[in-house]
Amino acid sequence: MPDPQPAVASSPWPGGRSSAQVQAQLDALVAQLRPERGGELPGYIPELANVDGDACALAVCSADGELLLAGDHAQAFSLQSMSKPFVYAQALELLGREAVHRKVDVEPTGEAFNSIVELEEDHLPYNPMINSGAIAMSALLHHADPDGAWARLRGMFSQLAGRALHIRGGIARSELSASHRNRAIAWLLRHFEVIGDDIDGALLLYTGQCALMVEVADLAVMAATLARGGVQPRTGERVLSAAHARDVLALMTTCGMYDSSGRWAYEVGIPAKSGVSGGILAVVPGRLGLAAWSPRLDAHGHSLRGQAALRALAQDWGLSLFTV
Ligand code: GLU
């Protein structure tokens, strides 16, 4: 006998919005952001200044893998520091919490992403979301398996995206040619015996992860994988353990937006990670992955339009984790 009341699939989007409503909202937000022309392209990695500063794209991915895209979503850009949460996760997966946290702490810094001040004072990177902590993670992975580390890292990012990701050699070379500050950080890490002698190996791995090319959809799916506790929602594959996804989300909440993490928690209230290519990925645990990309940055190194877009969505959709 047929069910008299066939089940109506409930909407995966906040407030029971339909996919068409969410799509219309994303399109409207991109149109609203286009006239905003503030911010600067990052000058310290020459190749990152050779991009279309006006580009703007948004993506959301529900916990069950539905993906909606708006704006210039077909354009590719480099992952930069949005790689950091996942590289930290891979270090946890391979080496365990104890070994990882002998090399990196879990405290916010209040300093810029490429600061060496805390390192000089406490001899241990404060967290894996800043350059010193991320370089320590790359050194750890490289040391554990010098020949296999890159393939394993690229493999994890490809699983997270659900497609094969590749680096753009020009971006990696450009960053390496100008990475004097990261090299100084690596040498300080060596001085304090956080990392071993293979500075070049660690920096190559770090620069490679930053130069992986993605689209805004990939970021939203990666964020949704964290929202699903490590299961990629479109392939159904478990990429990270639930415990490590939790660790990553905790550090994205306290440290993911560098020295404006406090303001981000206050105004937006969801774990996020930005990169100097202008991308930001953000996670509503159990529910959503969100992503924005637009290359012009504020003084902290975050996309200006990207922050505006995610702030608007978080406020309109009531996403802050601190809302009771
Ligand atoms: N590759 C960049 C660097 O090491 C990443 C910084 C970022 O994206 O915030 O400076």
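### Some words on the overall build of the chain
In terms of helices and strands, the chain carries 12 helices and 7 strands. Here the C-alpha radius of gyration of the chain, 19 Å, is about what a compact globule of 324 residues would show, namely 20 Å. Expressed as lengths along the three principal axes of its C-alpha atoms, the size of the chain is roughly 70 × 50 × 35 Å. The buried share of the chain, reckoned over its 324 residues, is 54%. For the chain, restricting intrachain contacts to residue pairs at least 6 apart in sequence, the fraction spanning at least 24 positions comes to 69%. Only carbon and sulfur atoms are counted for the fraction: they give 53% of the accessible area of the chain, which is about 13,300 Å². Computed over 25 positive and 34 negative side-chain charges, the separation of the two mean positions in the chain equals 3 Å.

### With respect to the sheet that holds strand S2 (residues 67-71)
Spatial ordering of the open sheet is given by S2-S1-S7-S6-S5, a layout of 5 strands whose pairing is antiparallel. The sheet terminates laterally at S2 and strand S5 (272-274), the two strands that pair on one side only. Shown here is a sheet whose adjacent strand axes are inclined to one another by a mean of 10 degrees, direction ignored. In this sheet, S2 lies alongside strand S1 (residues 57-62) in antiparallel orientation, the contact comprising 5 bridges. Within S2, the position partnered with Ala 59 by the bridge is Leu 69. Its contacts with the sheet place helix H1 (residues 19-33) against S1 and S2, and it is angled at close to 25 degrees to S2.

### Considering the packing of helix H5 (residues 149-161) against helix H9 (residues 216-227)
Angle between the axes and distance between the axes are the two parameters that describe a pair of packed helices. Running from N to C, H5 and H9 point in directions that differ by 90 degrees, and their axes come no closer than 8 Å. In this view, H5 runs roughly perpendicular relative to H9, as classed from their interaxial angle. Judged by residue contacts, Phe 157, Leu 160 and Ala 161 of H5 engage Asp 218, Val 221, Met 222 and Thr 225 from H9. Of the residues in the contact of H5 with H9, the class split is 5 nonpolar, 1 polar and 1 charged.

### Structural notes on a negative patch on the surface
A cluster of like negative charges, contributed by Asp 105, Glu 107, Glu 120, Glu 121 and Asp 122, occupies part of the molecular surface. Residue Asp 105 is classed as partly exposed on the basis of its relative accessible area, which comes to 33%.

### Considerations on the site of the ligand
The ligand sits among 13 residues. The nearest are Tyr 44, Gln 80, Ser 81, Tyr 206 and Tyr 258. Between the ligand and Tyr 44, the relevant distance is 2.6 Å, taken from an oxygen atom to a side-chain nitrogen or oxygen of the residue. One of the side-chain nitrogen or oxygen atoms of Ser 81 is found 2.8 Å away from an oxygen atom of the ligand. Contact with the protein chains covers 100% of the free accessible surface of the ligand, which is 290 Å².

### With respect to the pairing of strand S6 (residues 279-284)
By the criterion of burial, S6 is predominantly enclosed, with 6 of the 6 residues buried. Residues Gly 279, Leu 281 and Val 283 of S6 are buried on one face, and the alternating residues Ile 280, Ala 282 and Val 284, pointing to the opposite face, are buried as well. Bridge count between S5 and S6: 3 bridges; the pairing is antiparallel. Paired with Lys 273 across the strands is Leu 281, a residue of S6. As paired strands, S6 and strand S7 (residues 288-293) are joined by 6 bridges and run antiparallel to one another. Counterpart to Val 284 in the pairing with S7 is Leu 288. Turn length for the S6-S7 hairpin, with the two strands adjacent in sequence and antiparallel, is 3 residues, and the turn residue Gly 286 shows positive phi of about 80 degrees.

### Considering the environment of Ala 211
Secondary-structure assignment places Ala 211 in the loop between helix H8 (199-210) and strand S4 (213-214). The exposure class of Ala 211 is buried, given its relative accessible area of 1%. Sequence-wise, Ala 211 and Gly 170 are 41 residues apart; in three dimensions their C-alpha atoms are separated by 8.6 Å. If sequence neighbours within four positions are ignored, Ala 211 has contacts with Ser 78, His 166, Ile 167, Arg 168, Ile 171 and Ala 172.

### Focus: empty space enclosed by the protein
In this approach a probe as big as a water molecule rolls over the atoms, and the regions it shows empty are the leftover space. All chains considered together, the criterion is met by 1 cavity of 30 Å³ or more. Space inside the largest cavity adds up to approximately 50 Å³. In terms of lining, the largest cavity is formed by 13 residues, of which the most central are Tyr 44, Gln 80, Ser 81, Tyr 206 and Val 276. Of the residues that constitute the lining of the largest cavity, the class distribution is 7 nonpolar, 4 polar and 2 charged.

### Details of the pairing of S1
Summarising burial for S1: 6 of the 6 residues are buried, a large majority. Side chains Ala 57, Ala 59 and Cys 61 of S1 all project onto a buried face; the interleaved residues Leu 58, Val 60 and Ser 62 project onto the opposite face, where all are buried too. Two elements, S1 and S7, share 6 bridges in a ladder whose sense is antiparallel. If you follow Ala 59 over to S7, its bridge partner there is Ala 291.

Conventions and cut-offs
- Residues numbered from 1 in each chain as written.
- Predicted model: local features only at pLDDT ≥ 70, side-chain atom pairs only at ≥ 80, totals over all residues.
- Heavy atoms only, no water.
- Helix = DSSP H or I, 4+ residues; strand = E, 2+ residues; numbered from the N terminus.
- Rg over C-alpha atoms; globule rule 2.2 N^0.38 Å.
- Buried < 20%, exposed > 50% of the residue type's maximum accessible area, 1.4 Å probe, protein only.
- Contact = heavy atoms within 4.5 Å.
- Areas by Shrake-Rupley, 256 points an atom, 1.4 Å probe, with all protein chains shown as cover.
- Lys, Arg positive; Asp, Glu negative; His and termini not counted.
- Charge placed at Lys NZ, Arg CZ, Asp CG, Glu CD.
- Pairing = 2+ DSSP bridges.
- Axes fitted to C-alpha atoms, helices over the stretch in contact; angles between N-to-C directions.
- Parallel < 35°, antiparallel > 145°, perpendicular 65-115°, else oblique.
- Nonpolar A, V, L, I, M, F, W, Y, C, P; charged D, E, K, R; others polar.
- Patch = residues over 30% accessible without salt bridge, like charges linked within 9 Å, V, L, I, M, F, W, Y side chains within 5 Å.
- Salt bridge = Lys/Arg side-chain N within 4 Å of Asp/Glu carboxyl O.
- Near = heavy atom within 4 Å.
- Polar contact = N/O pair within 3.5 Å; in protein donor to acceptor, adjacent residues only side chain to side chain.
- 1 Å grid on protein atoms, 1.4 Å probe; cavity = no way out; pocket = protein on both sides within 12 Å on 5 of 7 lines; lining within 4 Å.
- Points joined across faces, edges and corners; volume = space filled by probe spheres on them.

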